[in-house]
Amino acid sequence: MNKSSVKTARHLDSIGQVLTLQGWVRTRRDSKAGFSFIEINDGSSQGNIQVIADGSLANYESTIKSLSTGCSIAVTGEVKASGGQGQATEVHASAVELIGECDPETYPLQKKRHSFEKLREWAHLRPRTNTFGAVARVRNCICNSIHQFYQEREFLYVHTPIITASDCEGAGAMFQVTTLNLDQIAKKQIEKLDFAQDFFQRRAYLTVSGQLEGEIYATALGKIYTFGPTFRAENSNTSRHLAEFWMIEPEMAFYDLDDNMDLAEAFMKRIVTDALARCSEDMEFFDKQIEPGLIASLQHVADSSFVRLPYTEAIDVLQKSGKKFDYPVEWGTDLQSEHERFLTEEHFKCPVILFNYPKTIKPFYMFCNDDDKTVRRGSS
RNA sequence: GCCCUUGUAGCUCAGUCGGUAGAGCAACGGACUGUUAAUCCGUGUGUCCUAGGUUCGAGCCCUAGCGGGGGCGCCA
């Protein structure tokens, strides 16, 4: 048995080979001329492979004609150039084996679009949809690119603690980690907790950032990056906030501000370029079904030179724009989303890096410029 | 945390003035076809989110609760 993925079988190079594919039925169309089209997907690619199952197969009437969306099957057959539109290759089955049945009356996923809200109710089946499959593949691609990008530049991948006592720069509300018996404590109505009784004999939290550990490694090993789960207990109900997310933090000794900006720009471009090149089918799906214009927008990020602008000049651009903002633009305050969007989307029409922020709105340890009003970089 | 909005068939939704439930898709049956969100014909489908209240009568009005979505704030 020459096992193959759907991804491989869809490639022209596979024509002429006899392969065995295992996957889940997406759809079946019957021809009364005596054969059926079965589309199967195994997660290896966005597209399905079309299988031609001829009526002469032993289990055609008993099994193949009742295959429905969600069934898992194994198909063995020769890959041939497709006679129809829409696909380069197809498999002419010599055997189709039903591995797992799927009752169409009770299987929730249908051959149509489902809302994300509805799919969340079927969380165990979401990965079988085009959208979630594409997200998983693109995310995998990005993770791979992240490591490749830093490894090529001789950065060390450092693991920083998940459970920690440090609050970093007070970046956000933290999830407390404890082994104290909360039910018992509630019953006793204790006014002050004795953390000496806790697991670490002190308060502990899930990390909000590996920055502090990253910096001490950078000041010993030169260039490091962290990439791992991070937790924020913000009660923020927006699409841009997560309680749990993965964060990348490069920390470099002996880098000046220009070095930092060069790295950031190259990094962003690399991630985007790789995703477009390596996940083209998934990105085309997003562009068509989820967010029209996405590919053009990402290609623009990959192609453009990022604008690098001092904070003070950005304030000047905003104030002279004549644009009415919901939040006033004033030197010394942080920029709101609407200001950032104006700079990137309307004024410069490309990614923008702002630097030399007022020291009053940045962490205390940042390196102060000669003007004593703005800061350039971290303390390393 | 604040504000707005929504909950009806497996899914997406309509439901008028308060009078006892409806369309498309899916499913199922059939027709047709190298098809590809196939197409055409036919069939069935309900705890109208939950609990109270008003009323002769509530999917519809009122109150509370629960769930979903959006915006803002905080924040990344």
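Residues numbered from 1 in each chain as written. Chains lettered and ligands numbered in written order. Predicted model: local features only at pLDDT ≥ 70, side-chain atom pairs only at ≥ 80, totals over all residues. Heavy atoms only, no water.

Considering the environment of Q50
Topologically, Q50 is positioned in strand β4 (residues 49–54). Once you skip the residues sitting within four places of it in the chain, Q50 turns out to touch R29, F37, I38, E39, S82, Q87, E90 and V91. Only 3.2 Å separates the side chain of Q50 from the side chain of E90, close enough to count as a polar contact. (Helix = DSSP H or I, 4+ residues; strand = E, 2+ residues; numbered from the N terminus. Contact = heavy atoms within 4.5 Å. Polar contact = N/O pair within 3.5 Å; in protein donor to acceptor, adjacent residues only side chain to side chain.)

Quick notes on the sheet that holds strand β10 (residues 204–206)
Spatial ordering of the open sheet is given by β8-β10-β9, a layout of three strands whose pairing is antiparallel. Of all the strands in the sheet, just β8 (163–164) and β9 (176–177) have a single pairing partner and so form its edges. Examined bridge by bridge, β8 and β10 share two bridges and lie antiparallel to one another. Note that in β10 the partner of T164 across the bridge is Y205. (Pairing = 2+ DSSP bridges.)

Re the pattern of salt bridges
The final tally for this structure, using the stated rule, is 16 salt bridges. Ionic pairing is found between E265 and R308, a salt bridge with its closest N-O pair at 3.0 Å. Of this pair, E265 sits in helix α6 (residues 257–278) while R308 is found in strand β13 (residues 307–310), placing the two residues 43 residues apart along the sequence. For E265, a relative accessible area of 10% gives the class buried. Across the salt bridge formed by K359 and D372, the nearest N and O atoms sit 3.3 Å from each other. Separated by 13 residues along the polypeptide, K359 in the loop between β15 (357–358) and β16 (367–368) and D372 in the loop between β16 and β17 (374–377) bring together distant segments of the chain. (Salt bridge = Lys/Arg side-chain N within 4 Å of Asp/Glu carboxyl O. Buried < 20%, exposed > 50% of the residue type's maximum accessible area, 1.4 Å probe, protein only.)

Things to note about a nonpolar patch on the surface
On the surface, a nonpolar cluster with roughly 380 Å² of combined accessible area is contributed by L156, I216, Y217 and L221. Sort the elements by how many residues they give to the nonpolar patch and helix α5 (residues 211–221) lands first, with three residues. Turning to its location among the elements, Y217 is positioned in helix α5. Since its relative accessible area comes to 38%, Y217 is described here as partly exposed. (Patch = residues over 30% accessible without salt bridge, like charges linked within 9 Å, V, L, I, M, F, W, Y side chains within 5 Å. Areas by Shrake-Rupley, 256 points an atom, 1.4 Å probe, with all protein chains shown as cover.)

What is shown is where atoms sit, not what they do.
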